[in-house]
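# Chain and residue survey
Now for the letters of each chain:
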Amino acid sequence: MASINRFQTINDIPPSKGKDVLLKILNSPRVDFSKLQKIAADYEKKALEMMHTEGKVQKQ
């Protein structure tokens, strides 16, 4: 397995599936963490509401 040292560039890596994946990762847009936190909080709130509702139904 070939390794990359600090003097190599992306262009020095031979074409391969690994290089394609690396380029996709490096070229992906930055993540908006505050947006992801809001989405996660919304999902958690909905899940808790569903669990609470299911608990009421099972008690009846």
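Before any of the text, the structure's been laid out above.
In short, a report on the structure. All figures in this text were calculated on a predicted structure; none of them were measured in a lab.

On the surface, a nonpolar cluster with roughly 540 Å² of combined accessible area is contributed by Val31, Phe33, Leu36, Ile39 and Tyr43. Secondary-structure assignment places Tyr43 in helix α2 (residues 33-59).

A few words now on the pattern of salt bridges. Where charged atoms from two side chains of opposite charge come close, those side chains can pair. Enumeration over the complete set of coordinates arrives at one salt bridge. With a closest N to O distance of 3.2 Å, Asp42 and Lys38 form a salt bridge. Highlighted residues: Asp42 and Lys38, both in helix α2, separated by four residues, approximately one helical turn. Looking at Asp42, the relative accessible area reads 35%, which means it is partly exposed. The exposure class of Lys38 is exposed, given its relative accessible area of 55%.

Calculation criteria
- Residues numbered from 1 in each chain as written.
- Predicted model: local features only at pLDDT ≥ 70, side-chain atom pairs only at ≥ 80, totals over all residues.
- Heavy atoms only, no water.
- Patch = residues over 30% accessible without salt bridge, like charges linked within 9 Å, V, L, I, M, F, W, Y side chains within 5 Å.
- Areas by Shrake-Rupley, 256 points an atom, 1.4 Å probe, with all protein chains shown as cover.
- Salt bridge = Lys/Arg side-chain N within 4 Å of Asp/Glu carboxyl O.
- Helix = DSSP H or I, 4+ residues; strand = E, 2+ residues; numbered from the N terminus.
- Buried < 20%, exposed > 50% of the residue type's maximum accessible area, 1.4 Å probe, protein only.

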